[in-house]
Amino acid sequence: MSILFRETGGKEMKAAIQKFDEAANGLCNRMQPILHNLPDYLKEKAQEIRLRAGKPLVIVCPDEPFFLTQAGRPTSILQEGLLVAKPDDIEASFQNLCGYSVHSHQNELKQGFLTIRGGHRAGICGTAVVTEGKISSVRDISSINLRISRDIPGAADEIFRMISWKHHSGLLLAGPPASGKTTLLKDIGRQLSEGRLGSPSQVVFVDERGEFAGTDCGNAGQLGPCCDVLSGYPKGLGIMQAVRTLSPQFIICDEVGDMEEIKGMKEGVNAGVRMIASVHAGGREDLFNRLQIRELLLTGAFAGVALLAGQANTGKIEKVYPLEEILDEMDRHYIDHTRGRRSGLFPVKE
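Residues numbered from 1 in each chain as written. Predicted model: local features only at pLDDT ≥ 70, side-chain atom pairs only at ≥ 80, totals over all residues. Heavy atoms only, no water.

Peer 1: Summarise the pairing of strand S5 (residues 113-116); cite the residues concerned and give the values.
Peer 2: Neither face of S5 is open: one carries Phe113 and Thr115, the other Leu114 and Ile116, and all of them are buried. One ladder, built from four bridges, connects S5 with strand S6 (residues 120-131); its direction is antiparallel. Paired with Phe113 across the bridge in S6 is Gly123. (Buried < 20%, exposed > 50% of the residue type's maximum accessible area, 1.4 Å probe, protein only. Helix = DSSP H or I, 4+ residues; strand = E, 2+ residues; numbered from the N terminus. Pairing = 2+ DSSP bridges.)

Peer 1: Summarise the environment of Phe302; cite the residues concerned and give the values.
Peer 2: Mapping Phe302 onto the fold places it in the loop between helix H11 (291-297) and strand S13 (304-308). For Phe302, a relative accessible area of 1% gives the class buried. Sequence separation between Phe302 and Leu323 is 21 residues, and the spatial gap between their C-alpha atoms is 7.2 Å. Apart from the residues lying within four places of it in its own chain, the contact partners of Phe302 are Ser169, Gly170, Leu171, Leu172, Met265, Met275, Ala277, Leu296, Leu297 and Leu323. (Contact = heavy atoms within 4.5 Å.)

Peer 1: Break down the sheet that holds strand S3 (residues 65-68) for me, with residues and values.
Peer 2: An order of S4-S3-S2-S1-S7-S6-S5 is seen for the seven strands of this open sheet, with the pairing classed as antiparallel. In this open sheet, the two edge strands, each paired with only one partner strand, are strand S4 (74-75) and S5. When strand S1 (residues 48-52) meets strand S7 (residues 134-147), the two strands line up antiparallel, connected through five bridges. Residue pairing for S7: Arg50 is matched across the bridge by Asn145. Across the sheet, helix H1 (residues 10-24) is in contact with S1, strand S2 (58-60), S5, S6 and S7; its angle to S6 comes to roughly 30°. In this fold helix H4 (residues 87-97) packs onto S1, S5, S6 and S7, with an angle of close to 105° to the strand it touches most, S7. (Axes fitted to C-alpha atoms, helices over the stretch in contact; angles between N-to-C directions.)

Peer 1: I'd love a proper account of the packing of aromatic side chains, names of residues and values included.
Peer 2: For the structure on display, the rule yields two aromatic pairs. Note on Phe288 and Tyr321: the rings are 5.5 Å apart at their centroids and 80° apart in plane angle, and the pair reads as edge-to-face. With Phe288 in helix H10 (residues 284-289) and Tyr321 in strand S14 (residues 317-322), this pair connects stretches of sequence that are 33 residues apart. For Phe288, a relative accessible area of 1% translates into the label buried. Directly above the ring of Phe113 sits Arg209, whose terminal nitrogen or CZ lies 5.6 Å from the centroid. (Phe/Tyr/Trp six-rings, centres within 6.5 Å; stacked < 30°, edge-to-face > 60°. Lys NZ or Arg CZ within 6 Å of the ring centre and 35° of its normal.)

Peer 1: Give me the lowdown on the sheet that holds strand S8 (residues 170-175), citing residues and values where you can.
Peer 2: The seven strands are arranged S10-S9-S11-S12-S8-S13-S14 in an open sheet whose pairing can be described as mixed. Edge positions in the sheet fall to strand S10 (227-231) and S14, since each of these pairs with one other strand and no more. For this sheet, the mean inter-axis angle between neighbouring strands, taken without regard to orientation, is 20°. Bridge count for S13 against S14 is five bridges, and the pairing is antiparallel. Across the sheet, the residue bridging to Leu307 is Lys319, located in S14. Sitting on the sheet, helix H8 (residues 235-245) is in contact with strand S9 (203-207), S10, strand S11 (250-253) and strand S12 (274-280), with an inclination near 165° to S11.

Peer 1: Outline the nonpolar core, listing residues and values.
Peer 2: Note on soluble globular proteins: their nonpolar side chains tend to be buried together. Judged by nonpolar contacts, the single largest core of 33 residues is most densely connected at Met31, Leu35, Ile49, Ile59 and Ile124. Per-element tally for this core: the top contributor is S7, with four residues. Once residues lying within four places of it in the same chain are set aside, the contact partners of Ile49 are Phe20, Ala24, Leu27, Leu35, Leu57, Val58, Ile59, Ile144, Asn145, Leu146 and Ile148. Within the second largest apolar cluster, 32 residues are counted, among which are Leu230, Ile239, Leu323 and Ile326. (Core = buried A, V, L, I, M, F, W, Y, C linked by side-chain atoms within 4.5 Å.)

Structure (structure tokens):
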């Protein structure tokens, strides 16, 4: 069952509704009251709010998308007379998300997103401004995808039941967008920090995009009593700084894979730190065939990979692959003929 659809108490339902309203506050004045007046059941399960210039507003849920009528009533039927986002709505929402200071968010915008208070991330679509072969800014914003951050206590219970952490060097979560990776990582860190393994563990979140903690003036949200947060640090540099200055037992970061991050992982492993991270993978075949994932596994930072089921079953683990099993499966597709070991550089010839 999706972690967003399991039976929850009134406190958790209220928290989910508050998260939706908090995210909606990032949009323009015309859209805010309409979204705030949506029924609670829809707020509770909503994953994204999508605005596209000249097209209907969409509330993305695990089972199906919902549109809104002009009166603000949700419908799953694409029909005439729906609430449409105007270009002015897109511009006003963009300015509000930036806190009316676009210049201060240029580093984020170059990567195509903004993170607002509460850890909600807005994907920004527009025209790239390219300088010397690199994206320096984005203009003429045409659509916004506001992904709602969730704090779900107990979301990682299944992972703790499936894995023997006492003998585990680390864990890599793999799944497509909106499959629950960040939500699970947050709850893993919280539970480790609260003593899930017997005594509280020292946990560092390397929070490059502000999604884990939703930090605001140093407030790290609900991550637990023994968590430190390096907010805004590039992941590779953040991992190395955590190792050198914060004495962590666990380091947690999201969407890893470039060479600087892999270098940081190696340094963490050499210092005896256990790494917990996530990576994009569209499914089983993608998991086995991505060079990025093979390189991460070869750092020695991870004893296994947990593959998530996908957006329709948010937070559900499809299967946990021990390291040797997944490397053996990768050998069916790739082999390094020069070193005689697994690295995934050359295809196996049948």
